[in-house]
Amino acid sequence: MSDTGAGEELGAQAARARALALLRIRSRATAVALLPAAVAVVLFAAGAQGFVEGGGWDAVRWAVTACAVITLLVAAAVAVAVVRAKPAVSPTVPLSEKAAPDLYRLVRDLADRLDVPAPSAIALTPDCDSWLEDRTHPAADRAAKDAARRDPGVPGAGPGRRRVQAAPVLVIGSPFLWWMRVAELRAVLAPVVAGTGPSAHPDIAAARRFVRGLDGAVADAAAPAQGAVRKVLRLPHALIGRIARLLLRSCHSHASEMERGVAAAASTRAQAVDYGLRIVAQEQVGLAYAGWDRLLTRVALPAWRMGRWPSRLDAGVVSALTELSRRDRLADGFTSRLGERPACDLLEEPGAADEAASLLAARLFHGGPAQAGPGWSPVDWQQYPEEVVDRKWRTEAARLHRVLDDMGVPPAASAGASDAAGAAVPTLARVVEHLVAGNGSGEELAAGISAAVARDEAQAEAAARNPQPAAGGTTGSADGNSFNGSDSASNVNGSANVNGSGSSSTSGDSASAGGDVLEFWGPDPLPLFPLQPPRTGTELLADHVAAMVCCAAVDTAGAAPGLDWLDGPTLLVDGERRSDLGTPVLSLVEDGDAGPLRSWLSSVGVRTDKPVRLA
């Protein structure tokens, strides 16, 4: 036996041994539940034979019988809770074979080369990772049947199925498809697809179902209950949750070791396929992760806060990483691969999949509304400077001057009197003079800005919970929650079924085939994965002052809003990016020193006494 075969066999044996240990825990729990009933049966049989007689034995028999009945009822409740509990399902964008025939063909060829079962379906996730996910829970089965009635082309849908799919679903990070080449994607997916082999073993599959059921039962028991009556009815669930948590704790080490064994076996098996290319491709994985994180936090997040969601995030990764390779010599040479065929060519409609994944990313990382509308609409990269950057600057500048008005700050001496409405003329000089004055003016202004931002965010959340119909009396995306040709849409719950047939599901019932996968996360508030911690008052004030400076530069010095793929909104002066504004603004906000900022304004030609246009 070769070293590869021996390593794979050792990993598989270790995983099966841990799976058997998990199943033994389940068997022991069943035996403990049946023990009082067995004792009661023995006592009744002994009494019938005349071996135990007397009033004392009668009391013992009935006491043991009562204990057995209670134990069996509790055990049955725990078993039902474990079986019916909805396990966590990753929010994804399902891809049918019609939408990505070449991608399905690549994965199946890869499975044939690895001699493992092919994944039953493919889905995209707005993250830089790939994994196999079991979606054989009966709840997912009901969802898939509903989707099958709407779209017979959904993978794994068909009559006579007891479960959604026999093999797990292959979840692929959507940024990989746009940044990686086809050969690189195949090399990266090889260890993941190889995991379907150990997953098909009956003991490992049964152990995973047991652990996932326990995890789901614990999550269900921990769900908060509203109202006094529901809280009383939740008391049995609390007991069930404690028992499930105890069992889950005893399974923790075995489950972890089982998954390590499965990963080791899959990695060893995948060494026979594109091993050398995989080492090079792993560099692209790290680079894609860095670019994706930068794109979300610096570029997408400002747009989400403005009520716009970039509809081509995955395509933006390529631009961001290309810009990174231009600036960073460590990434030099990575763009030379862009002449090869990108993995997104394996999709029939890359734009549709990109838009669906972009909207899902907005919901997961920011908590945007589930329905498109006047305050939540897509934006293209060409429109980003005007629709996002300029609006962001002017909105923040307007908020800054509203707070100054509330504080009673007078207009700047060089700006003249107030306007017709009685408000001070919005000039940059007014802001600078107030911050230079000292006496705690900066701290007071920062507190006012923080309160104003909190109020605006609360209003935005309320509007998201009660969306207003868009023009024409409809809610949802502009094309009625469906996409045709190159247009995609989310359904009303924020995920899309990219089926390649010019239609998508509009129902919110399907979790595995085009419906609301977010419902499997329970009542957890969105966003599920916040990108940044709450900003401090000083940070908010610095952002608003910088926005005011940019507005003044645009209105008085001929500058323009721009998009930097790595830093997000940027100011363009004579077509060149100016990234040196942060330090002068911080000097003004934190120290009250306007000297560096005035030197910067002089170099750009900004007039601080001229009024600016606000949002």
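The structure we're discussing is the one just above.
Please read all numbers here as calculations on a predicted model, not as lab measurements. (Residues numbered from 1 in each chain as written. Predicted model: local features only at pLDDT ≥ 70, side-chain atom pairs only at ≥ 80, totals over all residues. Heavy atoms only, no water.)

Novice: So what's going on with the sheet that holds strand S3 (residues 130-133)? Residues and values would help.
Specialist: Pairing within the open sheet is mixed, and its four strands lie in the order S1-S2-S4-S3. Looking at which strands have only one partner, the edges of the open sheet turn out to be strand S1 (93-95) and S3. Across the sheet, the mean angle separating the axes of adjacent strands is 30° when strand polarity is ignored. Pairing between S3 and strand S4 (residues 169-173): four bridges, direction antiparallel. Note on S4: the bridge partner recorded for leucine 132 is leucine 170. The sheet strands contacting helix H3 (residues 101-114) are S1, strand S2 (121-125) and S4, and the helix crosses S2 at an angle near 115°. Along the sheet, helix H6 (residues 182-194) makes contact with S3 and S4, crossing S4 at roughly 140°. (Pairing = 2+ DSSP bridges. Helix = DSSP H or I, 4+ residues; strand = E, 2+ residues; numbered from the N terminus. Axes fitted to C-alpha atoms, helices over the stretch in contact; angles between N-to-C directions. Contact = heavy atoms within 4.5 Å.)

Novice: Describe in detail the pattern of salt bridges, supporting the description with residues and values.
Specialist: Under the criterion given, the structure shown has 24 salt bridges. Across the pair aspartate 543 and arginine 535 runs a salt bridge whose closest N-O atoms are separated by 3.3 Å. Overall, the relative accessible area of 26% leaves arginine 535 in the partly exposed class. In this structure, a network of salt bridges that share partners links the residues Arg294, Arg298, Asp564, Asp567 and Arg577. (Salt bridge = Lys/Arg side-chain N within 4 Å of Asp/Glu carboxyl O. Buried < 20%, exposed > 50% of the residue type's maximum accessible area, 1.4 Å probe, protein only.)

Novice: Which residues make up the side chain of arginine 135, and what are the values?
Specialist: Relative to the assigned elements, arginine 135 resides in the loop between S3 and helix H4 (138-150). Overall, arginine 135 belongs to the buried group, its relative accessible area being 3%. Polar side-chain contacts of arginine 135 include one of 3.2 Å to the backbone oxygen of serine 90. There is a polar contact of 3.0 Å between the side chain of arginine 135 and the side chain of glutamate 133. (Polar contact = N/O pair within 3.5 Å; in protein donor to acceptor, adjacent residues only side chain to side chain.)

Novice: Please set out the packing of helix H18 (residues 582-591) against helix H19 (residues 595-604) residue by residue, giving values where relevant.
Specialist: As a packed pair, H18 and H19 sit with axes 7 Å apart at the nearest point and diverge in direction by 145°. The crossing of H18 and H19 is left-handed. Between H18, through Pro584, Val585, Ser587 and Leu588, and H19, the contact on the second element is made entirely by Pro596, Leu597 and Trp600. (Left-handed = near helix turned anticlockwise from the far one by under 90°.)

Novice: I'd like to hear about H6, residue by residue, with values.
Specialist: For H6, built from 13 residues, the straight-helix expectation of 18 Å at 1.5 Å per residue is met to within 8% by its first-to-last C-alpha distance of 18 Å. Bending of H6 peaks at approximately 30° at the position of valine 188, with proline proline 191 no more than four residues after it. Residues of H6 that are buried: Val182, Glu184, Leu185, Ala187, Val188, Leu189, Ala190, Val192, Val193 and Ala194. (Expected span 1.5 Å × (residues − 1). Bend = angle between axes of the 7 residues up to and from the residue.)

Novice: Now, about the packing of aromatic side chains: what can you tell me, with residues and values included?
Specialist: With the rule as written, the count across this model stands at three aromatic pairs. When the centroid spacing of 5.6 Å and the interplanar angle of 85° are considered together, the rings of phenylalanine 44 and tryptophan 62 count as edge-to-face. Of the two residues, phenylalanine 44 sits in helix H1 (residues 3-48) while tryptophan 62 sits in helix H2 (residues 55-84), which places them 18 residues apart along the sequence. Residue classification places phenylalanine 44 among the partly exposed residues on the basis of a relative accessible area of 35%. Both rings, one in tryptophan 381 and one in tryptophan 565, keep their centres 4.9 Å apart while their planes meet at 75°; by these two values the pair is edge-to-face. Taken together, the residues tryptophan 381 in the loop between strand S6 (377-379) and helix H14 (384-407) and tryptophan 565 in the loop between strand S7 (560-564) and strand S8 (568-573) connect sequence positions 184 residues apart. Tryptophan 381 sits in the buried class, given a relative accessible area of 14%. Through a chain of ring-to-ring contacts, three or more aromatic side chains come together here, namely Trp381, Tyr384 and Trp565. (Phe/Tyr/Trp six-rings, centres within 6.5 Å; stacked < 30°, edge-to-face > 60°.)

Novice: Now, about the pairing of S2: what can you tell me, with residues and values included?
Specialist: S2 sits mainly inside the fold: five of its five residues count as buried. Here S1 pairs with S2 via three bridges, running antiparallel. If you follow leucine 95 over to S2, its bridge partner there is isoleucine 122. Two elements, S2 and S4, share five bridges in a ladder whose sense is parallel. Bridge pairing in S4 places alanine 121 opposite valine 169.

Novice: Before we move on, can you summarise the environment of proline 36 with the specific residues and values?
Specialist: Relative to the helices and strands, proline 36 is located in helix H1. Beyond its immediate stretch of four places on either side in the chain, proline 36 contacts Val64, Cys67, Ala68 and Thr71.

Novice: Break down the packing of H6 against helix H11 (residues 275-305) for me, with residues and values.
Specialist: Viewed as axis vectors pointing N to C, H6 and H11 meet at an angle of 100°, and their least axial separation amounts to 9 Å. With respect to H11, the axis of H6 lies roughly perpendicular. In this structure, H6 uses Ala183, Glu184, Ala187, Val188, Ala190 and Pro191 to contact H11, whose residues at the interface are Leu277, Arg278, Ala281, Gln284 and Val285. Its residues assigned to classes, the contact of H6 with H11 comprises eight nonpolar, one polar and two charged. (Parallel < 35°, antiparallel > 145°, perpendicular 65-115°, else oblique. Nonpolar A, V, L, I, M, F, W, Y, C, P; charged D, E, K, R; others polar.)

Novice: So, the environment of alanine 356: which residues are in play, and what are the values?
Specialist: On the secondary structure map, alanine 356 appears in helix H13 (residues 350-365). We classify alanine 356 as buried; its relative accessible area is 2%. For alanine 356 and threonine 125, which are 231 residues apart along the polypeptide, the C-alpha to C-alpha distance reads 9.9 Å.

Novice: Any details on unusual backbone geometry? Residues and values, ideally.
Specialist: For aspartate 115, which is not a glycine, the phi torsion comes out positive at approximately 60°. By the secondary structure assignment, aspartate 115 is in the loop between H3 and S2. What makes aspartate 115 exposed here is its relative accessible area of 64%. Although it is not a glycine, aspartate 574 sits at a positive phi angle of roughly 55°.

Novice: Give me the pairing of S7: which residues, what numbers.
Specialist: One ladder, built from five bridges, connects S7 with S8; its direction is antiparallel. Each residue of the ladder has a partner; that of aspartate 564, found in S8, is glycine 568. Between S7 and S8, which pair antiparallel in sequence order, lie three residues.

Novice: Summarise the environment of arginine 186; cite the residues concerned and give the values.
Specialist: Residue placement: arginine 186 occurs in helix H6. A residue is classified by how much of its surface remains accessible, and arginine 186, at 23% relative accessible area, is partly exposed. Put simply, arginine 186 and arginine 278 are 92 residues apart on the chain and 8.6 Å apart in space, counted from C-alpha to C-alpha. Here arginine 186 is in contact with Leu106, Leu110, Arg113 and Asp274, once residues within four sequence places are set aside.

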